[in-house]
Amino acid sequence: MKTIEVVAAIIQHEGRILATQRGYGDFKDGWEFPGGKMEPGETMEAAIVREIKEELNVTIEPTKLVTTVECDYPNFHLTMHCLLAHVVEGEITLVEHEAAKWLTKETLDTVDWLPADVEVVEKLKTMI
């Protein structure tokens, strides 16, 4: 089975966490932490800064690795490195997503998370 390695940003602002809704692909309309594929030789931090600039048109500062999730999907295995981050420059603009929501610990379960992101949400509940 093919393995895809990605990074995801857990963007925090004033006690809330950003969730984004996919606007394309097999998992269109599912909710996720924004991010994408790592390029060969790229660090997790460099990859997440690049991906968030491309997807949300903001500059973020990753602060720590929260977790790495291993998840089997029907056609591939996903390795997802999830980094806590905050916006340091710009206003969020949805380039690739249909919608975005700022969620609190109490509202994390109000969106339909994609399978890999569910594990991250459960970990976040114990952290925030």
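Right above here is the structure, for reference.
Please read all numbers here as calculations on a predicted model, not as lab measurements. (Residues numbered from 1 in each chain as written. Predicted model: local features only at pLDDT ≥ 70, side-chain atom pairs only at ≥ 80, totals over all residues. Heavy atoms only, no water.)

Novice: Where do I start with a negative patch on the surface in this structure?
Specialist: A contiguous patch of negative charge on the surface is contributed by Glu 5, Glu 70, Asp 72 and Glu 119. Along the chain, the position of Glu 119 falls in helix H2 (residues 115-127). (Patch = residues over 30% accessible without salt bridge, like charges linked within 9 Å, V, L, I, M, F, W, Y side chains within 5 Å. Areas by Shrake-Rupley, 256 points an atom, 1.4 Å probe, with all protein chains shown as cover. Salt bridge = Lys/Arg side-chain N within 4 Å of Asp/Glu carboxyl O. Lys, Arg positive; Asp, Glu negative; His and termini not counted. Charge placed at Lys NZ, Arg CZ, Asp CG, Glu CD. Helix = DSSP H or I, 4+ residues; strand = E, 2+ residues; numbered from the N terminus.)

Novice: Help me out: how do you make sense of the packing of aromatic side chains in this one?
Specialist: Each aromatic ring pair is described using two quantities: the centre-to-centre distance and the angle formed by the ring planes. A full pass over the atoms with the stated rule returns 4 aromatic pairs. Relative to Phe 76, the ring of Tyr 73 has its centre 5.0 Å away and its plane inclined at 15°; by these criteria the two rings are stacked. Using a relative accessible area of 16% as the deciding quantity, one classes Phe 76 as buried. The positively charged end of Arg 22 is found above the aromatic ring belonging to Tyr 24, 4.6 Å away from the centroid. (Phe/Tyr/Trp six-rings, centres within 6.5 Å; stacked < 30°, edge-to-face > 60°. Buried < 20%, exposed > 50% of the residue type's maximum accessible area, 1.4 Å probe, protein only. Lys NZ or Arg CZ within 6 Å of the ring centre and 35° of its normal.)

Novice: I would appreciate a short explanation of the pairing of strand S1 (residues 3-13) in the present structure.
Specialist: Looking along a regular strand, one sees the side chains alternate between the two faces of the sheet. Looking at chain direction, S1 and strand S6 (residues 77-89) are connected through 9 bridges and run parallel. Opposite Ala 9, over in S6, you have Leu 83 as the bridge partner. Bridge count between S1 and strand S2 (residues 16-22): 2 bridges; the pairing is antiparallel. Residue pairing across strands places Gln 12 opposite Ile 17, the latter belonging to S2. Between the antiparallel neighbours S1 and S2 lie 2 residues, among them Glu 14 with a positive phi of about 50°. (Pairing = 2+ DSSP bridges.)

Novice: Can you help me understand unusual backbone geometry in this one?
Specialist: A positive phi angle, near 50°, is found at Glu 14, a position not held by glycine. Mapped onto the secondary structure, Glu 14 falls in the loop between S1 and S2. Residue classification places Glu 14 among the exposed residues on the basis of a relative accessible area of 67%. In the Ramachandran plot, Asp 29 falls in the positive-phi region, its phi being about 80° despite a non-glycine side chain. Inspection of the secondary structure assignment puts Asp 29 in the loop between S2 and strand S3 (31-32).

Novice: Sorry if this is basic, but what is going on with H2 here?
Specialist: An α-helical turn contains 3.6 residues, so any two residues separated by three or four positions project in the same direction. Listed as buried for H2 are Ala 116, Asp 117, Val 120, Val 121 and Leu 124. What you see down the axis of H2 is that its buried residues fit within an arc of 135°, all on one side. Against the buried residues of H2 lie S1, S2, S3, strand S5 (59-72) and S6. (Arc of directions from axis to C-beta. Contact = heavy atoms within 4.5 Å.)

Novice: Looking at this structure, how should I read the side chain of Glu 42?
Specialist: Within the fold, Glu 42 resides in the loop between strand S4 (35-37) and helix H1 (44-56). We classify Glu 42 as buried; its relative accessible area is 19%. A distance of 2.8 Å separates a polar atom in the side chain of Glu 42 from a polar atom in the side chain of Arg 50. The contacts of Glu 42, once residues within four sequence positions are left out, are Lys 37, Ala 47 and Arg 50. (Polar contact = N/O pair within 3.5 Å; in protein donor to acceptor, adjacent residues only side chain to side chain.)

Novice: I keep staring at the pattern of salt bridges and nothing clicks. Help me out?
Specialist: Taken as a whole and judged by the stated rule, the model has 9 salt bridges. Put simply, Glu 42 and Arg 50 hold a salt bridge, and the shortest N to O gap is 2.8 Å. The partner of Asp 109 in a salt bridge is Lys 125, with the nearest N and O atoms 2.6 Å apart. A residue pair is termed long-range when its members are at least 10 positions apart, and Asp 109 in the loop between strand S7 (97-103) and H2 and Lys 125 in helix H2 qualify at 16 residues.

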